[in-house]
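Tertiary structure, described
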Amino acid sequence: MSTQTETIRRLTVPQIAARKGGEPIVSLTSYHAHTATIVDRHADFILVGDSLGMVMHGMETTVGVPLDLMIMHGKAVVRGTKRALIVVDMPFGTYEESPNMAFRNAATIMKETQCQAVKLEGGKRMAETVHFLVERGIPVMAHIGLTPQSSHVMGGFKTQGRDQDTWPLHIEDAKAVADAGAFAIVVEGVVEELADQITAAVDVPTIGIGASKNCDGQILVLEDMLGLNPWVPKFVKKYGNLGEGIEEAVKAYAQEVKSRTFPGEAQVYKNK
Ligand code: KIV
């Protein structure tokens, strides 16, 4: 009974889709239960992004992220939240080959994690798959512009649309996935004016990251905006400096242990 009540309180896919042109959509990534609980109080949706491969597991790109890792982190985030819509990324190699393959893996993600939607990268080339999944009950968030899973083809994590001749292709990508039934589109790493044109061209919300303040919502990687990552993309504003905070705390602990001033049992008990 309580589970049912919690499910009902979560934001839904139609509620997010209805925010097109309305109140800006707040979203962040999260990979574990405790940070998700904090983010849940402020975000409309939480993305369990495959960036976790780089942020949490030290990979150089997201290409090596396996499906079971996404499922493990997805489960943790769903457990830690009750209000935000939870979207889990489909990792590289789990959906591109065919709509059938995409359905099998998306269904596994949804059944195992109990998330409400999946995200996949690609525009026009993925439109058939987006349609196939949505028709079969799987809400899809699309992701266009700089698509990190294709970073080897793109020659790195490069801002898209610097050449204005490419703009029609990006706009076509957005329209294709919107027409196919995607309920929202992440627009990553594109020049601002192109992002604005994409937002104007589709009737589903655009979620910007390194794109434009005029997108219908924004997303950031939580560890980037908290100042936990030593390297972050240029466009990221840091809202915290947790990296330094952790360093200070660890240093203080190490000093206390080494100088035998670490609190003994009685003191620890007193602090509780
Ligand atoms: O994997 C991720 O964190 C993402 C966001 C950057 C949008 O896809």
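Structure: above.
As a starting point, this report considers the structure included with it. (Residues numbered from 1 in each chain as written. Predicted model: local features only at pLDDT ≥ 70, side-chain atom pairs only at ≥ 80, totals over all residues. Heavy atoms only, no water.)

1. So, the packing of helix 9 (residues 167–180) against helix 10 (residues 192–201)
Running from N to C, helix 9 and helix 10 cross one another at 35°; their axes reach a closest spacing of 9 Å. When you trace helix 9 past helix 10, the crossing you get is right-handed. Residues Trp167, His170, Ile171, Ala174 and Lys175 of helix 9 touch helix 10, and the partners they reach there are Glu193, Leu194, Gln197, Ile198 and Ala201. For the contact of helix 9 with helix 10, the per-class residue count stands at six nonpolar, two polar and two charged. (Axes fitted to C-alpha atoms, helices over the stretch in contact; angles between N-to-C directions. Helix = DSSP H or I, 4+ residues; strand = E, 2+ residues; numbered from the N terminus. Left-handed = near helix turned anticlockwise from the far one by under 90°. Contact = heavy atoms within 4.5 Å. Nonpolar A, V, L, I, M, F, W, Y, C, P; charged D, E, K, R; others polar.)

2. Overview of the site of the ligand
Residues in contact with the ligand, as listed here, are Thr29, Leu47, Gly49, Asp50, Ser51, Asp89, Lys119, His143, Val186, Ile209 and Val221. Side-chain polar atom of Asp50 to an oxygen atom of the ligand: 3.0 Å apart, as the coordinates give it. Within the side chain of Asp89, an N or O atom sits 3.1 Å from an oxygen atom of the ligand. A total of 260 Å² of accessible area belongs to the ligand in isolation, and the protein chains cover 95% of it. Because more than half of its atoms lie within 2 Å of the grid, the ligand is assigned to the largest pocket. Tallied by class, residues from the shell around the ligand come to four nonpolar, four polar and three charged. (Near = heavy atom within 4 Å. Polar contact = N/O pair within 3.5 Å; in protein donor to acceptor, adjacent residues only side chain to side chain. Areas by Shrake-Rupley, 256 points an atom, 1.4 Å probe, with all protein chains shown as cover. 1 Å grid on protein atoms, 1.4 Å probe; cavity = no way out; pocket = protein on both sides within 12 Å on 5 of 7 lines; lining within 4 Å. Sits in = over half its atoms within 2 Å of the grid points.)

3. Details of the environment of Ala200
By secondary structure assignment, the location of Ala200 is in helix 10. For Ala200, a relative accessible area of 68% corresponds to the exposed category. C-alpha of Ala200 to C-alpha of Arg136: the two residues are 64 residues apart in sequence and 28 Å apart in space. (Buried < 20%, exposed > 50% of the residue type's maximum accessible area, 1.4 Å probe, protein only.)

4. Digging into helix 9
Compared with an ideal rise of 1.5 Å per residue, which puts 14 residues at 20 Å, helix 9 spans 20 Å between its outermost C-alpha atoms and is within 8% of the ideal. Here helix 9 has its buried residues at Trp167, His170, Ile171, Ala174, Ala176, Val177, Ala178 and Ala180. In the core, the buried residues of helix 9 are packed alongside helix 7 (127–135), strand 5 (140–145), strand 6 (184–188) and helix 10. (Expected span 1.5 Å × (residues − 1).)

5. A closer look at the layout of surface pockets
Estimates place the volume of the largest pocket at around 840 Å³. Secondary-structure elements contributing two or more residues to the lining of the largest pocket are helix 4 (52–55), strand 4 (117–121), strand 6 and strand 8 (217–220). Among the residues forming the lining of the largest pocket, the class breakdown is 16 nonpolar, nine polar and nine charged. (Points joined across faces, edges and corners; volume = space filled by probe spheres on them.)

6. Overview of the pattern of salt bridges
Evaluated as defined, the whole model comprises eight salt bridges. Between Arg19 and Asp44 there is a salt bridge, with its nearest N and O atoms 2.8 Å apart. Residue Arg19 is found in the loop between helix 2 (13–17) and strand 1 (25–29), and its partner Asp44 is found in the loop between helix 3 (33–40) and strand 2 (45–48); the two are separated by 25 residues along the sequence. Among the residues examined, Asp44 registers a relative accessible area of 8% and is labelled buried. Between Glu172 and Lys124 there is a salt bridge; the shortest N-O distance is 2.9 Å. Taken together, the residues span a long stretch of sequence, with Glu172 in helix 9 and Lys124 in the loop between strand 4 and helix 7 at a distance of 48 residues. In the salt-bridge network here, residues are joined through shared partners; they are Arg19, Asp44 and Arg83. (Salt bridge = Lys/Arg side-chain N within 4 Å of Asp/Glu carboxyl O.)

7. Regarding unusual backbone geometry
The residue Gln114 is not glycine, and still its phi comes out positive at about 65°. The backbone of Arg260 shows a phi angle near 55°, a positive value even though the residue is not glycine. By the element assignment, Arg260 lies in the loop between helix 12 (242–258) and helix 13 (265–271).

8. Re the environment of Ile198
Its place among the elements puts Ile198 in helix 10. Along the sequence, Ile198 and Ile86 sit 112 residues apart, while their C-alpha atoms lie 24 Å from each other. Beyond its immediate chain neighbours, meaning those up to four positions away, Ile198 contacts Ile144, His170, Ile171, Ala174, Val187 and Thr206.

9. Here's the deal with the sheet that holds strand 2
Judged by pairing direction, the barrel is parallel, and its eight strands sit side by side in the order 1-2-3-4-5-6-7-8 before closing back on the first. Averaged over all adjacent pairs, the angle separating strand axes in this sheet is 25°, with direction ignored. Two strands pair when backbone bridges link them, and strand 7 (residues 206–209) and strand 8 are joined in this way by two bridges, in the parallel orientation. By the bridge assignment, Gly208 is partnered in strand 8 with Gln218. Across the sheet, helix 6 (residues 99–113) is in contact with strand 3 (85–89) and strand 4; its angle to strand 4 comes to roughly 145°. (Pairing = 2+ DSSP bridges.)

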